[in-house]
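Chain by chain, the residues run as shown.
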Amino acid sequence: MIFEGVITTANADGAAHIAPMGFQREGDEVSISPFVPSTTLVNLKRDGRAVMNLSDDVRIIAGCLTGRRAWPVQRATVIDGWRISDSLAHLELTVSDCQEHPERPRFRCRVVYEANHAAFRGFNRAQAAVLEAAILYSRLEWLAPDKLASEMAYLAIAVGKTAGDRERIAWQWLVEAMAEHPRHRLRLEQRA
Ligand SMILES: Cc1cc2nc3c(=O)[nH]c(=O)nc-3n(C[C@H](O)[C@H](O)[C@H](O)COP(=O)(O)O)c2cc1C
């Protein structure tokens, strides 16, 4: 099963780098597959430590993709690293090994510490829609403009019906960025 989280790694100067990232977990082992090239990959190889942050604030995901990466972080508990301050839970990880791959190396990591900070509030369709829109956004170079437009029109229904402020803001950031993309220039019809 693949979950979606937000990974924090340390840059060479010690500053936090934040990126949405899928992961798999089995017991105390977490697997992460960052693409080549990516800052997360470089940081994991150099430092061997990371935090997987579990948050329902979809602004963090949409924000990272659209150039808004300055989310509040604080020191992790047992590793020398950073965690996102506003998360429901976080896992502190050390890399056990790296399976090399030309496009997507796979890091196996050990969970050396984990903590819950707030309860799961329940499923929300707008959060799921923003997540899907973020995935679409990360594939804009390959996606056909018609496909993007129809998928976004469908996802917009759940956002319109069930979003709170955070979801509306995150959605707006993605829609604006898609509207500016030279191959897509997405225009969503306004629904009543
Ligand atoms: C929900 C979601 C899941 C993602 N999962 C991955 C992943 O598993 N591996 C990856 O390399 N990028 C993934 N991405 C894309 C990265 O977040 C994005 O490319 C990011 O900029 C990583 O590059 P960076 O480390 O250079 O910032 C995901 C994006 C989203 C929205």
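Analysis parameters
Residues numbered from 1 in each chain as written. Predicted model: local features only at pLDDT ≥ 70, side-chain atom pairs only at ≥ 80, totals over all residues. Heavy atoms only, no water. Axes fitted to C-alpha atoms, helices over the stretch in contact; angles between N-to-C directions. Helix = DSSP H or I, 4+ residues; strand = E, 2+ residues; numbered from the N terminus. Parallel < 35°, antiparallel > 145°, perpendicular 65-115°, else oblique. Left-handed = near helix turned anticlockwise from the far one by under 90°. Contact = heavy atoms within 4.5 Å. Near = heavy atom within 4 Å. Polar contact = N/O pair within 3.5 Å; in protein donor to acceptor, adjacent residues only side chain to side chain. Areas by Shrake-Rupley, 256 points an atom, 1.4 Å probe, with all protein chains shown as cover. Nonpolar A, V, L, I, M, F, W, Y, C, P; charged D, E, K, R; others polar. Pairing = 2+ DSSP bridges. Core = buried A, V, L, I, M, F, W, Y, C linked by side-chain atoms within 4.5 Å. Buried < 20%, exposed > 50% of the residue type's maximum accessible area, 1.4 Å probe, protein only. Arc of directions from axis to C-beta.

Right, let's get into the packing of helix 4 (residues 145–162) against helix 5 (residues 165–180). Remark: helix 4 packs on helix 5, axes separated minimally by 12 Å, with the N-to-C direction vectors making an angle of 160 degrees. With respect to helix 5, the element helix 4 is oriented roughly antiparallel. The element helix 4 and its partner helix 5 pack so that their crossing is left-handed. Contacts from Leu-148, Met-152, Leu-155, Ala-156 and Val-159 in helix 4 reach Trp-171, Val-175 and Met-178 in helix 5.

Taken together, 19 residues form the shell around the ligand, and within it His-17, Pro-20, Phe-35, Thr-39 and Thr-40 come nearest. Side-chain polar atom of His-17 to an oxygen atom of the ligand: 2.7 Å apart, as the coordinates give it. Arg-69 is positioned with one of its side-chain polar atoms (N or O) 3.3 Å from an oxygen atom of the ligand. Protein chains bury 85% of the 620 Å² of accessible surface belonging to the ligand in isolation. Of all the secondary structure elements, the ones that give two or more residues to the shell around the ligand are strand 2 (16–26), helix 1 (39–47), helix 2 (58–65) and helix 3 (125–138). Examining the composition of the shell around the ligand, we find that 5 residues originate from one element, strand 2, more than from any other.

It is worth spelling out the packing of helix 3 against helix 4 at this point. Between helix 3 and helix 4, the least distance of the axes is 8 Å, while the angle of their chain directions is 155 degrees. Classified by the angle their axes make, helix 3 and helix 4 are roughly antiparallel. Handedness of the helix 3/helix 4 crossing: left-handed. Along the contact surface, helix 3 presents Arg-125, Ala-126, Ala-129, Glu-132, Ala-133 and Leu-136, while helix 4 presents Leu-148, Glu-151, Met-152, Leu-155, Ala-158, Val-159, Lys-161 and Thr-162. Of the residues assigned to the contact of helix 3 with helix 4, the class counts are 9 nonpolar, 1 polar and 4 charged.

Turning our eyes to something else, we now look at the pairing of strand 7 (residues 89–99). As defined by bridge partners, strand 4 (residues 49–54) adjoins strand 7 across 6 bridges and the pair is classed as antiparallel. What sits directly across from Leu-54, in strand 7, is Ala-89. Two elements, strand 7 and strand 8 (residues 106–116), share 10 bridges in a ladder whose sense is antiparallel. Residue pairing in the sheet places Cys-98 in a bridge with Phe-107 of strand 8. From the end of strand 7 to the start of strand 8, which pair antiparallel, there are 6 residues.

Counting residues in hydrophobic clusters, the biggest one holds 31 residues, and the most contacted among them are Leu-148, Met-152 and Trp-171. Secondary-structure elements contributing two or more residues to this core are helix 2, helix 3, helix 4 and helix 5. Once you skip the residues sitting within four places of it in the chain, Met-152 turns out to touch Ala-133, Leu-136, Trp-171, Val-175, Met-178, Leu-186 and Leu-188. If you look at the next biggest cluster of nonpolar residues, it comprises 15 residues, including Phe-23, Ile-32, Leu-91 and Phe-107.

Along helix 1, the positions that sit buried rather than exposed are Thr-40, Leu-41, Asn-43 and Leu-44. Projection of helix 1 onto a plane perpendicular to its axis shows the buried side chains occupying an angular sector of 165 degrees, all on one side. Tucked inside the fold, the buried residues of helix 1 contact strand 1 (3–10), strand 2, strand 4, strand 7 and strand 8. Just beyond helix 1, the residue with positive phi is Gly-48, at close to 70 degrees.

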